[in-house]
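Breakdown of the fold
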Amino acid sequence: MNSVAAEDSQVSAVILDLDGTLLNTEQLTKEVLKDLLARYGKVVDEEKARMILGMSIEHSRHAIIKDYDLPITAEKFIQEIRPMYQQKWLLAQPLPGADRLIKHLHRHKVPFALASNSRTVSVESKISNQPGWKNYFLILLGSDQVKSGKPAPDIFLEAAKRMSVDATRCLVVEDSLIGVQAAKAARMKVVAIPSLQIEYDQFSVADMVLHSLLELRPELWGLPSFEDWVNDALPIEPIYMKGLYRNGLLHELTGEGLSVLPDQVAGIYFGWAKIESPVIFKILIRISWNVVDGGSIKKIIHVSTVEGNEQVHDQRMLISLVGFIRGLSSKGNMLDGKEMVEEDKITARTALDSLAFTNHSCIPLFSQVAFTD
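Notes on the structure in this doc start here. (Residues numbered from 1 in each chain as written. Predicted model: local features only at pLDDT ≥ 70, side-chain atom pairs only at ≥ 80, totals over all residues. Heavy atoms only, no water.)

**A short note on the nonpolar core**
- Residues Leu16, Leu18, Leu22, Leu114, Trp133, Val191 and Trp221 are the most contacted members of the largest nonpolar core, which totals 31 residues.
- Mapped by element, the contributors of at least two residues to this core are β1 (13-16), α5 (98-107), β2 (112-115), α6 (120-127) and β4 (170-174).
- The element best represented in this core is α5, accounting for 4 residues.
- Excluding residues that lie within four positions of it along the chain, Trp133 makes contacts with Leu18, Leu22, Leu23, Pro94, Ala98, Asp99, Ile102 and Ile127. (Core = buried A, V, L, I, M, F, W, Y, C linked by side-chain atoms within 4.5 Å. Buried < 20%, exposed > 50% of the residue type's maximum accessible area, 1.4 Å probe, protein only. Helix = DSSP H or I, 4+ residues; strand = E, 2+ residues; numbered from the N terminus. Contact = heavy atoms within 4.5 Å.)

**Observations concerning the pattern of salt bridges**
- The tally for this structure, following the rule as stated, stands at 12 salt bridges.
- Salt-bridge contacts for Asp17 lead to Lys150; the nearest nitrogen and oxygen are separated by 2.9 Å. Of the two residues, Asp17 is situated in the loop between β1 and α1 (26-38) and Lys150 in the loop between β3 (139-141) and α8 (154-162); the sequence distance between them amounts to 133 residues.
- By relative accessible area, which is 6% here, Asp17 ends up buried.
- Residue Lys150 is classed as buried on the basis of its relative accessible area, which comes to 5%.
- If you follow the salt bridges from partner to partner, you end up with Asp17, Lys150 and Glu174 in one network. (Salt bridge = Lys/Arg side-chain N within 4 Å of Asp/Glu carboxyl O.)

**Thoughts on the packing of helix α3 (residues 57-67) against helix α4 (residues 74-89)**
- Relative orientation of the contacting elements α3 and α4 amounts to 120°, with a least axis distance of 10 Å. In terms of orientation, α3 lies oblique with respect to α4. Judged by the twist between their axes, the crossing of α3 over α4 is right-handed. Contact residues: α3 offers Ile57, Glu58, Arg61, His62, Ile64 and Ile65, while α4 offers Ala74, Glu75, Phe77, Ile78, Ile81, Arg82 and Tyr85.
- Of the residues in the contact of α3 with α4, the class split is 8 nonpolar, 1 polar and 4 charged. (Axes fitted to C-alpha atoms, helices over the stretch in contact; angles between N-to-C directions. Parallel < 35°, antiparallel > 145°, perpendicular 65-115°, else oblique. Left-handed = near helix turned anticlockwise from the far one by under 90°. Nonpolar A, V, L, I, M, F, W, Y, C, P; charged D, E, K, R; others polar.)

Okay, structure coming up:
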């Protein structure tokens, strides 16, 4: 996390990006691109996909057609991909901390706007399935409402203008590098929460870089503090996972509505776990990123039982995470995968025994999801 000088941190309004910042649409975007390319016998190139992260389809279509040598025009590309996107948007889920932040700003009457590189009609479609979101935002802007989309500063300047707030008094929360560049060009403060943790070290231009919205501290920017921490633990909307537990690590599995965790889920969490037995037990989880053989980057999910008396080896595990304790320190662009201390277990144990967390029941998930794929 970057340091923030108190005298420079006072802001009056907040501007939020949508895709990859509030909604987990990045995986859906990849799925749509994968399906479209498959029609032409092509496969997604991860490096090329990262280069267009944060761009609207109107701005990325020419690059995609060129990168994959597609035998279609830009207009045909839009005609094919837009209906595919529209079907997927209703499946998009809020990222951890997104709903919390929106409601917090609304409750404290902090002016805040939504500024997305997508067209306005797409923005409205994406948030239509999120209760209250459309009414919470004072301003809702798509790239079609300004001359140029991000990385141009136009959309952020327009948001500030419509909120009657000076641009220098705005705080932007973004996940993409082009979004951060646009906000800085508008002379605004920027908190970056990279959609891809492997790009963490590329965001030094931001005023602060975090791994998750759950780490955001509004008071550092002169805004009201969150009031929902219970001692040293934060209740969260349950995050469901399924995996193969082996040698202290969880290897993610998908199915039954469970998808791979987004990059923005990182840090120390706690919750409940069930193996192939009637036993449900308390767990502490560390989600980090590290360099593995060959120099590639891999998400590491370490699971530890809180009570220390469960013998679990080479078994499928269902997990419901219900609380967050803290983020992890960074080494370069990696999260430190060695942090998890006894104090975290005490915090998790105390929280899971309290009423604040017992309302997050994991029983419905555990009764509906099968252990077999």
